[in-house]
Amino acid sequence: MQLRNSSSRYGWVSIALHWGVALAVYGLFALGLWMVGLDYYSTWRKDAPDLHKSIGLVLLAVMLLRVIWRFVSPPPPTLPTYGRLTRAGAKLGHRALYLGLFAVMIAGYLISTADGVGIPVFGLFEVPALVSGLPDQADVAGQIHLYLAWALVIFSGLHALAALKHHFIDRDATLKRMLGRQA
(Lines give C-alpha, C1' and ligand atoms only; values in the text may rest on other atoms or scores of the structure.)
Protein backbone atom coordinates (compact mmCIF):
# COMPACT_ATOMS: atom_id res chain seq x y z
CA MET A 1 0.00 0.00 0.00
CA GLN A 2 1.49 3.29 -1.13
CA LEU A 3 0.69 6.07 1.37
CA ARG A 4 2.46 8.96 -0.38
CA ASN A 5 1.96 10.21 -3.92
CA SER A 6 4.44 9.08 -6.54
CA SER A 7 5.26 10.47 -9.95
CA SER A 8 2.71 8.13 -11.53
CA ARG A 9 -0.19 7.89 -9.07
CA TYR A 10 -1.78 9.21 -5.92
CA GLY A 11 -1.09 7.55 -2.59
CA TRP A 12 -3.78 6.24 -0.29
CA VAL A 13 -3.73 9.32 1.96
CA SER A 14 -4.53 11.63 -0.97
CA ILE A 15 -7.12 9.20 -2.31
CA ALA A 16 -8.85 8.91 1.08
CA LEU A 17 -8.83 12.68 1.52
CA HIS A 18 -10.18 13.23 -2.01
CA TRP A 19 -13.07 10.76 -1.79
CA GLY A 20 -13.79 11.54 1.87
CA VAL A 21 -14.14 15.25 1.10
CA ALA A 22 -16.36 14.46 -1.90
CA LEU A 23 -18.61 12.26 0.25
CA ALA A 24 -18.78 14.90 3.00
CA VAL A 25 -19.60 17.71 0.53
CA TYR A 26 -22.46 15.81 -1.08
CA GLY A 27 -23.69 14.58 2.31
CA LEU A 28 -23.63 18.09 3.75
CA PHE A 29 -25.39 19.43 0.67
CA ALA A 30 -28.19 16.86 0.96
CA LEU A 31 -28.47 17.40 4.73
CA GLY A 32 -28.57 21.17 4.23
CA LEU A 33 -31.34 20.99 1.64
CA TRP A 34 -33.33 18.61 3.81
CA MET A 35 -32.95 20.49 7.09
CA VAL A 36 -34.10 23.88 5.78
CA GLY A 37 -37.46 22.29 5.00
CA LEU A 38 -38.02 20.95 8.52
CA ASP A 39 -40.97 22.41 10.40
CA TYR A 40 -41.00 23.66 13.96
CA TYR A 41 -42.29 20.36 15.34
CA SER A 42 -39.76 18.10 13.66
CA THR A 43 -37.58 16.11 16.04
CA TRP A 44 -34.63 16.93 13.74
CA ARG A 45 -35.17 20.71 13.85
CA LYS A 46 -32.22 21.23 16.23
CA ASP A 47 -30.22 18.03 15.65
CA ALA A 48 -29.89 18.36 11.86
CA PRO A 49 -28.28 21.83 11.94
CA ASP A 50 -26.01 20.75 14.82
CA LEU A 51 -24.92 17.69 12.80
CA HIS A 52 -24.43 19.84 9.69
CA LYS A 53 -22.25 22.32 11.59
CA SER A 54 -20.21 19.60 13.29
CA ILE A 55 -19.50 17.76 10.04
CA GLY A 56 -18.72 21.08 8.34
CA LEU A 57 -16.14 21.99 10.97
CA VAL A 58 -14.55 18.54 10.80
CA LEU A 59 -14.44 18.99 7.01
CA LEU A 60 -12.68 22.33 7.50
CA ALA A 61 -10.01 20.60 9.60
CA VAL A 62 -9.68 17.83 6.99
CA MET A 63 -9.28 20.43 4.24
CA LEU A 64 -6.53 22.16 6.20
CA LEU A 65 -4.81 18.78 6.55
CA ARG A 66 -5.33 18.19 2.84
CA VAL A 67 -3.58 21.44 1.95
CA ILE A 68 -0.68 20.55 4.25
CA TRP A 69 -0.54 17.06 2.72
CA ARG A 70 -0.18 18.57 -0.77
CA PHE A 71 3.05 20.18 0.42
CA VAL A 72 4.26 17.05 2.23
CA SER A 73 3.37 14.75 -0.66
CA PRO A 74 2.90 16.74 -3.89
CA PRO A 75 0.47 15.32 -6.43
CA PRO A 76 1.81 13.53 -9.48
CA PRO A 77 2.56 15.81 -12.40
CA THR A 78 -0.07 16.16 -15.09
CA LEU A 79 0.11 13.58 -17.82
CA PRO A 80 2.44 14.42 -20.74
CA THR A 81 -0.48 13.89 -23.13
CA TYR A 82 -2.29 16.93 -21.73
CA GLY A 83 -2.21 20.01 -23.90
CA ARG A 84 -1.45 23.45 -22.52
CA LEU A 85 -5.14 24.31 -22.21
CA THR A 86 -5.93 21.07 -20.36
CA ARG A 87 -3.07 21.65 -17.92
CA ALA A 88 -4.24 25.19 -17.24
CA GLY A 89 -7.86 24.05 -16.88
CA ALA A 90 -6.91 21.31 -14.43
CA LYS A 91 -4.87 23.72 -12.30
CA LEU A 92 -7.57 26.40 -12.37
CA GLY A 93 -10.31 23.85 -11.68
CA HIS A 94 -8.55 22.39 -8.64
CA ARG A 95 -7.87 25.85 -7.24
CA ALA A 96 -11.53 26.80 -7.76
CA LEU A 97 -12.66 23.67 -5.90
CA TYR A 98 -10.34 24.36 -2.97
CA LEU A 99 -11.32 28.04 -2.84
CA GLY A 100 -15.01 27.17 -3.10
CA LEU A 101 -14.74 24.62 -0.31
CA PHE A 102 -13.05 27.04 2.07
CA ALA A 103 -15.41 29.88 1.12
CA VAL A 104 -18.58 27.82 1.71
CA MET A 105 -17.25 26.67 5.09
CA ILE A 106 -16.30 30.20 6.15
CA ALA A 107 -19.76 31.41 5.15
CA GLY A 108 -21.29 28.59 7.22
CA TYR A 109 -19.16 29.59 10.18
CA LEU A 110 -20.32 33.20 9.82
CA ILE A 111 -23.98 32.11 9.80
CA SER A 112 -23.52 30.09 12.95
CA THR A 113 -21.56 32.71 14.89
CA ALA A 114 -23.61 35.76 13.92
CA ASP A 115 -25.10 35.97 17.44
CA GLY A 116 -21.69 35.68 19.12
CA VAL A 117 -22.23 32.08 20.23
CA GLY A 118 -19.62 29.38 19.55
CA ILE A 119 -20.31 26.19 17.62
CA PRO A 120 -20.32 22.88 19.49
CA VAL A 121 -18.67 20.04 17.54
CA PHE A 122 -20.42 16.73 18.28
CA GLY A 123 -20.67 17.87 21.91
CA LEU A 124 -16.92 17.33 22.36
CA PHE A 125 -15.63 20.90 22.17
CA GLU A 126 -16.71 24.31 20.95
CA VAL A 127 -15.30 26.48 18.19
CA PRO A 128 -15.51 30.07 19.45
CA ALA A 129 -17.33 32.87 17.68
CA LEU A 130 -14.43 35.04 16.56
CA VAL A 131 -16.49 37.12 14.13
CA SER A 132 -19.99 38.25 15.03
CA GLY A 133 -22.26 41.25 14.93
CA LEU A 134 -21.58 42.27 11.34
CA PRO A 135 -24.57 43.97 9.67
CA ASP A 136 -27.03 41.26 8.56
CA GLN A 137 -24.26 38.70 9.09
CA ALA A 138 -26.48 35.61 9.23
CA ASP A 139 -28.61 36.62 6.24
CA VAL A 140 -25.72 37.67 3.99
CA ALA A 141 -23.57 34.70 4.95
CA GLY A 142 -26.60 32.43 4.49
CA GLN A 143 -27.14 33.59 0.93
CA ILE A 144 -23.44 33.23 0.15
CA HIS A 145 -23.39 29.77 1.75
CA LEU A 146 -26.38 28.64 -0.30
CA TYR A 147 -25.08 29.91 -3.64
CA LEU A 148 -21.56 28.65 -3.02
CA ALA A 149 -22.88 25.22 -2.00
CA TRP A 150 -24.84 24.94 -5.25
CA ALA A 151 -21.83 26.18 -7.25
CA LEU A 152 -19.53 23.72 -5.50
CA VAL A 153 -21.81 20.75 -6.14
CA ILE A 154 -22.30 21.71 -9.79
CA PHE A 155 -18.59 22.38 -10.34
CA SER A 156 -17.56 19.16 -8.61
CA GLY A 157 -20.02 17.34 -10.86
CA LEU A 158 -18.26 18.88 -13.87
CA HIS A 159 -14.96 17.79 -12.32
CA ALA A 160 -16.27 14.22 -12.16
CA LEU A 161 -17.49 14.42 -15.75
CA ALA A 162 -14.04 15.61 -16.84
CA ALA A 163 -12.46 12.62 -15.09
CA LEU A 164 -14.89 10.29 -16.88
CA LYS A 165 -14.12 12.01 -20.20
CA HIS A 166 -10.41 11.41 -19.61
CA HIS A 167 -11.09 7.76 -18.79
CA PHE A 168 -13.60 6.78 -21.46
CA ILE A 169 -12.91 9.17 -24.35
CA ASP A 170 -9.25 10.15 -24.03
CA ARG A 171 -8.42 6.73 -22.52
CA ASP A 172 -5.69 8.22 -20.36
CA ALA A 173 -4.73 7.41 -16.76
CA THR A 174 -6.25 10.46 -15.04
CA LEU A 175 -9.00 8.56 -13.21
CA LYS A 176 -6.87 5.46 -12.63
CA ARG A 177 -4.32 7.57 -10.74
CA MET A 178 -7.01 8.86 -8.35
CA LEU A 179 -8.14 5.28 -7.80
CA GLY A 180 -4.58 4.27 -6.78
CA ARG A 181 -3.74 2.38 -9.95
CA GLN A 182 -0.52 2.68 -11.90
CA ALA A 183 -0.63 5.10 -14.85
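Residues numbered from 1 in each chain as written. Predicted model: local features only at pLDDT ≥ 70, side-chain atom pairs only at ≥ 80, totals over all residues. Heavy atoms only, no water.

As for the UniProt feature "transmembrane region" (unreviewed entry) in the protein chain
Step number 1: In the UniProt entry, the feature "transmembrane region" (unreviewed entry) is given for residues 12–34, 92–111 and 144–164.
Step number 2: Along residues 12–34 one finds 100% helix and 0% strand; the C-alpha atoms at either end are 32 Å apart.
Step number 3: Along residues 144–164, the helical share is 100% and the strand share 0%, with 30 Å between the first and last C-alpha atoms. (UniProt positions renumbered as here; feature names shortened; annotations may be inferred. Helix = DSSP H or I, 4+ residues; strand = E, 2+ residues; numbered from the N terminus.)

Digging into the nonpolar core
Step number 1: Core analysis: the biggest nonpolar cluster contains 16 residues, and Val21, Val25, Leu59, Met63, Leu101, Met105 and Leu152 have the highest contact counts within it.
Step number 2: At the level of elements, α1 (12–35), α2 (47–72), α3 (84–112) and α4 (137–168) are the ones that each hand at least two residues to this core.
Step number 3: In terms of residues, this core owes the most to one element, α3, which gives six residues.
Step number 4: Contacts of Leu101, omitting those with residues within four sequence positions, involve Val21, Val25, Met63 and Leu152. (Core = buried A, V, L, I, M, F, W, Y, C linked by side-chain atoms within 4.5 Å. Buried < 20%, exposed > 50% of the residue type's maximum accessible area, 1.4 Å probe, protein only. Contact = heavy atoms within 4.5 Å.)

A few points about the packing of α3 against α4
Step number 1: Taken N-terminus to C-terminus, the directions of α3 and α4 make an angle of 150 degrees; their axes are 8 Å apart at the nearest point. Comparing the axis directions of α3 and α4 gives the class roughly antiparallel. With respect to the hand of their crossing, α3 and α4 are arranged in left-handed fashion.
Step number 2: Grouping the constituent residues of the contact of α3 with α4 by class yields 15 nonpolar, eleven polar and no charged. (Axes fitted to C-alpha atoms, helices over the stretch in contact; angles between N-to-C directions. Parallel < 35°, antiparallel > 145°, perpendicular 65-115°, else oblique. Left-handed = near helix turned anticlockwise from the far one by under 90°. Nonpolar A, V, L, I, M, F, W, Y, C, P; charged D, E, K, R; others polar.)

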